[in-house]
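# Reading the structure
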Amino acid sequence: MMCTVCGCGEGETRIEGHEHEHGHAHSHDHDHDHSHEHLDYGQGPARAHAPGMSQARMVQIEQDILGKNDEYADANRRRFAERGMLVLNMVSSPGSGKTTLLTATLDALKNEIPLSVIEGDQQTLNDAERIRATGVPALQINTGKGCHLDAHQVGHALDHLAPVERSILFIENVGNLVCPAAFDLGEAHKIAILSVTEGEDKPIKYPDMFAAADLMLLSKIDLLPHLDFDLDRCIDYARRVNSGIQVLAVSARSGEGMENWLQWLRLEHQSRLLGHASSTTRDTPRQEIA
Amino acid sequence: MHEMSLCEGLLQVLETEAQKQGFQRVKQIWLEVGELAGVEIDALRFSFDVVIRGSLAEQARLNIERPPGKAWCMHCSTTVTVRQRFDACPDCGSYQLQVTSGDQMKIKELEVE
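These lines cover the structure that appears in this document, whether it is placed above or below. (Residues numbered from 1 in each chain as written. Chains lettered and ligands numbered in written order. Predicted model: local features only at pLDDT ≥ 70, side-chain atom pairs only at ≥ 80, totals over all residues. Heavy atoms only, no water.)

## A closer look at the sheet that holds strand β2 (residues 86–92) of chain A
Residue and element names in this part refer to chain A. The strand order across the open sheet formed by 7 strands is β4-β3-β5-β2-β6-β7-β8, and the pairing between neighbours is parallel. The open sheet is flanked by β4 (138–142) and β8 (246–249), the only strands paired with a single partner. Taking the axes of each pair of neighbouring strands and ignoring which way they run, one obtains an average angle of 20 degrees across the sheet. In this sheet, β4 lies alongside strand β3 (residues 115–121) in parallel orientation, the contact comprising 5 bridges. Its bridge partner lying in β4, Asp121 is registered against Asn142. The strands touched by helix α8 (residues 231–241) are β6 (189–195), β7 (215–219) and β8; relative to β7, the strand with the most contacts, the crossing angle is about 160 degrees. (Pairing = 2+ DSSP bridges. Helix = DSSP H or I, 4+ residues; strand = E, 2+ residues; numbered from the N terminus. Axes fitted to C-alpha atoms, helices over the stretch in contact; angles between N-to-C directions. Contact = heavy atoms within 4.5 Å.)

## Some points on the pattern of salt bridges
Residue and element names in this part refer to chain A. Taken as a whole, this structure holds 21 salt bridges over all chains when the rule is applied. In this structure, Asp159 and Arg79 form a salt bridge, with 2.6 Å as the shortest nitrogen-oxygen distance. With Asp159 in helix α5 (residues 151–161) and Arg79 in helix α2 (residues 67–82), this residue pair connects regions lying 80 residues apart in the sequence. Among the residues examined, Asp159 registers a relative accessible area of 47% and is labelled partly exposed. (Salt bridge = Lys/Arg side-chain N within 4 Å of Asp/Glu carboxyl O. Buried < 20%, exposed > 50% of the residue type's maximum accessible area, 1.4 Å probe, protein only.)

## What to know about the packing of α2(A) against α5(A)
Residues and elements named next belong to chain A. Between α2 and α5, the least distance of the axes is 8 Å, while the angle of their chain directions is 35 degrees. The handedness of the crossing between α2 and α5 comes out as left-handed. Residues Asn69, Tyr72, Ala73, Asn76, Arg79 and Phe80 of α2 lie in contact with α5, whose contacting residues are Ala151, His152, Val154, Gly155, Leu158 and Asp159. Taken together, the residues that form the contact of α2 with α5 break down as 6 nonpolar, 4 polar and 2 charged. (Left-handed = near helix turned anticlockwise from the far one by under 90°. Nonpolar A, V, L, I, M, F, W, Y, C, P; charged D, E, K, R; others polar.)

## Digging into the environment of Arg57(A)
Among the secondary structure elements, Arg57(A) is positioned in strand β1 (residues 57–64). Residue classification places Arg57(A) among the partly exposed residues on the basis of a relative accessible area of 32%. When residues no more than four places from it in sequence are discounted, the contact partners of Arg57(A) are Gln21(B), Gly22(B), Phe23(B), Leu110(B), Glu111(B) and Val112(B). Here Gly22(B) takes part through its backbone oxygen, which lies 3.0 Å from a polar atom of the side chain of Arg57(A). (Polar contact = N/O pair within 3.5 Å; in protein donor to acceptor, adjacent residues only side chain to side chain.)

## Concerning the packing of helix α1 (residues 3–21) of chain B against helix α2 (residues 41–51) of chain B
Helix packing geometry: the angle between the two helix axes and the distance between the axes. Residue and element names in this part refer to chain B. Axis separation between α1 and α2 bottoms out at 8 Å; the angle between their running directions is 50 degrees. As summarised for this structure, α1 and α2 are arranged oblique, according to the angle between their axes. When you trace α1 past α2, the crossing you get is right-handed. On the side of α1, the interface is formed by Glu3, Met4, Leu6, Cys7, Glu8, Leu10 and Leu11, while α2 contributes Ala43, Leu44, Ser47, Phe48, Val50 and Val51. Here the contact of α1 with α2 is built from residues that sort into 10 nonpolar, 1 polar and 2 charged. (Parallel < 35°, antiparallel > 145°, perpendicular 65-115°, else oblique.)

## Some points on the layout of surface pockets
Empty space within the largest pocket amounts to approximately 710 Å³. If you trace the largest pocket, you find 33 residues lining it, with Ala181(A), Ala182(A), Ala212(A), Arg85(B) and Asp103(B) closest to the centre. Counting only elements with at least two residues in the lining of the largest pocket, the list comes to α2, β6 and α7 (207–212) of chain A together with β5 (97–101) and β6 (105–112) of chain B. (1 Å grid on protein atoms, 1.4 Å probe; cavity = no way out; pocket = protein on both sides within 12 Å on 5 of 7 lines; lining within 4 Å. Points joined across faces, edges and corners; volume = space filled by probe spheres on them.)

## Focus on the nonpolar core
Counting residues in each nonpolar core, the largest one holds 33 residues, and the members touching the most others are Leu14(B), Val26(B), Ile29(B), Leu31(B), Leu44(B), Ile107(B) and Leu110(B). The greatest single-element share of this core, amounting to 7 residues, is contributed by α1(B). The contacts of Leu110(B), once residues within four sequence positions are left out, are Arg57(A), Met58(A), Val59(A), Ile61(A), Leu14(B), Phe23(B), Val26(B), Gln28(B), Ile29(B) and Trp30(B). Membership of the second largest hydrophobic core comes to 27 residues, among which are Val117(A), Ala128(A), Ile168(A) and Leu262(A). (Core = buried A, V, L, I, M, F, W, Y, C linked by side-chain atoms within 4.5 Å.)

## A word on helix α3 (residues 98–109) of chain A
Its 12 residues place the ends of α3(A) 16 Å apart at the C-alpha level, agreeing with the 16 Å of an ideal helix rising 1.5 Å per residue. Inspection of α3(A) places Lys98(A), Thr99(A), Leu101(A), Leu102(A), Thr103(A), Thr105(A), Leu106(A) and Leu109(A) among the buried residues, and these make up the whole buried set. (Expected span 1.5 Å × (residues − 1).)

## Some details on the environment of His152(A)
Residue and element names in this part refer to chain A. In this fold, His152 is placed in helix α5. Residues His152 and Asn69, 83 residues apart in the sequence, show an inter-C-alpha distance of 6.8 Å. Not counting the four nearest positions on each side in its chain, His152 is found in contact with Asn69 and Tyr72.

Worth remembering: the numbers are spatial, not functional.
Following this line, the structure appears as structure tokens:
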């Protein structure tokens, strides 16, 4: 049998951990068996219940567990489309330089495109204050114990922030490479920021996030000469998880690669304006498709 | 840690369905949580026990199916089974795989009264 992981020892360890989880989950299942409360019904399909004995019945629902979040996300997405907005969900580990990269980006684009920011952190208003210092409107969501932003919170933040039409809204998610992957906020793209001071194997350590992202920004590349970070290897790992992921390498400090990133933003922003009602010419009035 | 949010999401769906389909109690729940869904089953069960307290699903039995990850291998033009998102194709070793299933988190069926 061929090795199904990347070949490094760490990959092997993860598989063992994975299998351990499974064994564990099963035994846990037994520990929490509530069959004593269900003696009348047994383990078999409840459809077999004798009528009159109980009113229990089976209901097929086939719904996503996060169906509620997805409904809120769809509502957000409709709102963004109606307003011709580009909305980006920025995800990373804590300390990847997300806020620094964001403030540099805002400074570069704020005179060109209307911008706003939603900041997600468990506590403090620090990041929103750093953003507001650039002159760009920002709103902080403190999730308390929550490890991610959800679409409902973002919907409420929109009511307060009231971003203008044809703008770019950056949502800086809680620093966490695990949970935010599962929660659609209604964004156009998830952007995963990975700093070169982290391990180059993060894309395979946290594959769900890199699978969910459309763009990977490798940040702090001005530090590369001082590190053993293998850029190509990191990109290769990201493509194993997501063969379509786009990659840009940037440094907010030296400015290297920033022009590519800004150009990416301009092009994405332009594409959102295509077909947006108020951007069509006046002599061809068209009913907006709601 | 988002297993708690998943359980809250699950409970919201149950409450909505209870109104729509007219039931008062949920006795059993069948979930399908793919092996690539990034969900820790232990944590999910733990959170479930906490979240359902005092709800219509109090003491409900949670059954979890774990369908394996499936991916389309572009080289072999066939569907293969993968354990992780970064797995190579078990037949040809290529990483040109597109995950096609196994990342779902679905509520399949309920036993209610």
